[in-house]
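The residues making up each chain are set out below.
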Amino acid sequence: MTTMPTSKPYRAVVIGGSLGGLFTAICLRAIGWDVDVFERSPQQLDSRGGGLVLQPGVLDALDFAGVAHPPGFGVPSKDRIFLDRDGVLRCIYMPQTQIAWNGLYALMKGALDPGVIHAGEELVALAREADHMTARFASGRTERADLLVGADGPLSTVRQALLPGDVPAYAGYVAWRGVLPEAALDARARSLLVETFAFQDGPGHQMLTYLIPGEDGSVRHNERRLNWVWYRALPAGEPLAAVLLDRHGRQHTHSLPPGAVKDADAQALQLAAADNLAPVFAALVKSTPDPFLQLIQDYAAPRMRFGRAVLLGDAAFVARPHTGAGAGKAAANAVALARALQAGGDRIHDALALWDRSQWAADKRLAEWGISLGRRIMGLVQPA
Ligand SMILES: Cc1cc2nc3c(=O)[nH]c(=O)nc-3n(C[C@H](O)[C@H](O)[C@H](O)COP(=O)(O)OP(=O)(O)OC[C@H]3O[C@@H](n4cnc5c(N)ncnc54)[C@H](O)[C@@H]3O)c2cc1C
């Protein structure tokens, strides 16, 4: 990483302080830009999310930004194993590394000055000028910058302002998720699921598990966690809305956090697991006290650059999680943005146009691949 000397630092305002926003902040800071991140949520985000497959783009962005990651940053797995209700069907040697969402988030947040992230600031409107953008927040605050980055996720407010009416489409299935301490696993789960990436495929569903670091980042035996994801068909409309109504009577639209699922839905999930999953997987679902849920969605932006505003990460493209590449995509967008701006110097418009062309094509391919994987995995999208 080299720092570009500029006569006056350019300023970026980043909307969204999740992974995409923090990747952007660390990478733009590395080329000498002033960066401020505005995150709607007033709370820390670090209890959100489970595990992620570590993609090269994540390491590239951290290295570019000079953010040191500890050795043993993730948990390696060697084999992919495929189960059915009777046991292991096949085993493929496919080494990879899994990390925890909260560990990656904390690493980047810790690398930024505390004053860079402004929590509890919700973007409500944008104003575009030739060489500047102005962001207006619900608090009444306004911020003017040379560049505005929309890293505000699948339901991006920045996108709503730039491409009104463009929203993700529900793919017809959801991801039920859970995280359990490794220490809570029984002998059967330990022998099958520790240091493997384990799957069970079936009509209209897929279960998978992998180990991730502990809440405190530990990768030591028995201090790690097991992350499970069960993709299940759930028809749009009334069936989906009923599940998205939380235990306090609040209607959600795209996800349910840990602790929000109604007891009856958690019990129905456990019964379906007992009927459909290998016993080792069904036991995981049964022993997870607080499963959470995310809708699987598709979205592809027609472009990522709008004058001095850009969309990146899930605001620009929502790739299905079967690609294991959402965080890597956001990281790649951010590091490519920094490299383009660094190479372009004062020719910011040219740099953004070049960045848009390269990133849009790569992200579109990834999103299409995710759809084809999802169609193959879910088959006829019938409830499991
Ligand atoms: C089931 C599932 C499994 C996944 N597994 C993987 C995996 O294995 N590997 C992987 O790489 N990726 C995975 N992903 C994807 C990954 O989580 C995301 O792609 C990645 O985190 C990038 O997200 P983002 O930062 O662009 O958006 P988000 O994480 O959605 O963050 C957007 C942020 O913007 C904030 N925001 C929204 N609106 C406003 C506003 N108006 N003003 C201010 N702030 C606002 C939100 O509060 C939020 O914090 C998975 C996703 C799902 C659903």
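Predicted model, so just to flag it, every value in this text is computed and none were measured.

Brief notes about the domain arrangement of the protein
Each domain of the protein was delimited in the assignment, giving domain 1 (11-69 + 102-168 + 298-378) and domain 2 (76-97 + 170-296). The C-alpha-based centres of domain 1 and domain 2 are spaced at 28 Å. Secondary structure elements with two or more residues in the side of domain 1 that touches domain 2: β3 (51-53), α3 (101-111) and α10 (348-378). Residue contributions to the side of domain 1 that touches domain 2 peak at 3 residues, all from α10. Its residues placed into classes, the side of domain 1 that touches domain 2 shows 6 nonpolar, 5 polar and 2 charged.

Topic: the sheet that holds strand β9 (residues 142-145)
Sheets are built from strands that pair by backbone hydrogen bonding, the pairs being arranged parallel or antiparallel. With respect to topology, 3 strands assemble into an open sheet ordered β7-β8-β9, the strand pairing being antiparallel. What marks the edges here is a single partner per strand, and that holds for β7 (123-128) and β9. The mean inter-strand angle of the sheet, taken between neighbouring strand axes irrespective of direction, is 20 degrees. Pairing of strand β8 (residues 133-137) with β9 involves 4 bridges; the strand directions are antiparallel. Considered in β9, the bridge of Met-133 is made with Ala-145.

A look at the nonpolar core
Counting residues in each nonpolar core, the largest one holds 118 residues, and the members touching the most others are Cys-27 and Leu-312. With 11 residues, the single largest contributor to this core is helix α9 (residues 326-344). No fewer than three residues from each of domain 1 (11-69 + 102-168 + 298-378) and domain 2 (76-97 + 170-296) sit in this core. Those residues in contact with Leu-312 that sit more than four places away from it in its chain are Gly-20, Thr-24, Val-149, Ala-151, Met-304, Ala-330, Asn-333, Ala-334 and Leu-337.

Here's the deal with α10
Along its 31 residues, α10 runs 43 Å from first to last C-alpha, staying within 8% of the 45 Å computed at 1.5 Å per residue. Turning to α10, its buried residues number three or more, namely Ala-351, Leu-352, Trp-355, Asp-356, Gln-359, Trp-360, Asp-363, Ala-367, Gly-370, Gly-374 and Met-378. Backbone geometry just after α10 places Gly-379 at a positive phi near 55 degrees.

Quick notes on the site of the ligand
Gly-16, Gly-20, Gly-153, Gly-313 and Gly-326 are the nearest of the 35 residues found near the ligand. Mapped by element, the contributors of at least two residues to the shell around the ligand are α1 (19-30), β2 (34-39), β3 and α9. Sorting elements by how many residues they give to the shell around the ligand places α9 first, with 4 residues. Residue composition of the shell around the ligand, grouped by class: 16 nonpolar, 14 polar and 5 charged. Summarising the domain contributions, the shell around the ligand has at least three residues from each of domain 1 (11-69 + 102-168 + 298-378) and domain 2 (76-97 + 170-296).

Remarks on unusual backbone geometry
Negative phi values dominate among residues other than glycine, just as trans dominates among peptide bonds. The phi angle at Glu-195 is positive, at roughly 65 degrees, despite the residue not being glycine. Note on placement: Glu-195 falls in the loop between α5 (187-193) and β12 (196-202). Residue Glu-195 is classed as partly exposed on the basis of its 14 C-beta neighbours within 10 Å. Despite not being glycine, Asn-222 has its phi angle at roughly 75 degrees, a positive value.

Here's the deal with the pairing of strand β1 (residues 11-15)
Sheet faces and side chains relate simply in a regular strand, where the side chains alternate between the two faces. With 4 of 5 residues buried, β1 lies mostly within the body of the structure. Bridge analysis of β1 against β2 gives 5 bridges, and the strand direction is parallel. What sits directly across from Ala-12, in β2, is Val-35. Note on the crossover from β1 through α1 to β2: the handedness is right-handed.

As for the environment of Ile-92
The topology assignment puts Ile-92 in strand β5 (residues 87-100). By C-beta crowding, Ile-92 is classed as exposed, having 9 other C-beta atoms within 10 Å. Remark: the alpha-carbon pair of Ile-92 and Asp-79, spanning 13 residues in sequence, is separated by 5.5 Å. Ignoring anything within four residues of it in the chain, the contact list for Ile-92 reads Asp-79 and Arg-80.

What to know about the pairing of β8
Relative to β8, β7 runs antiparallel, the two being bridged by 5 bridges. When the bridges of β8 are listed, Ala-125 appears paired with Arg-136. Counting the residues that bridge the hairpin from β7 to β8 gives 4 residues. As consecutive antiparallel partners, β8 and β9 are separated by 4 residues, and within that stretch Gly-140 has a phi angle of approximately 100 degrees, a positive value.

Calculation rules
- Residues numbered from 1 in each chain as written.
- Predicted model: local features only at pLDDT ≥ 70, side-chain atom pairs only at ≥ 80, totals over all residues.
- Domains from an automatic or database assignment.
- Helix = DSSP H or I, 4+ residues; strand = E, 2+ residues; numbered from the N terminus.
- Nonpolar A, V, L, I, M, F, W, Y, C, P; charged D, E, K, R; others polar.
- Pairing = 2+ DSSP bridges.
- Axes fitted to C-alpha atoms, helices over the stretch in contact; angles between N-to-C directions.
- Core = buried A, V, L, I, M, F, W, Y, C linked by C-beta atoms within 7 Å.
- Buried ≥ 20, exposed ≤ 12 C-beta atoms within 10 Å, placed from the backbone.
- Contact = placed C-beta atoms within 7 Å.
- Expected span 1.5 Å × (residues − 1).
- Near = placed C-beta within 6 Å.
- Right-handed = clockwise from strand over helix to strand, strands pointing away.

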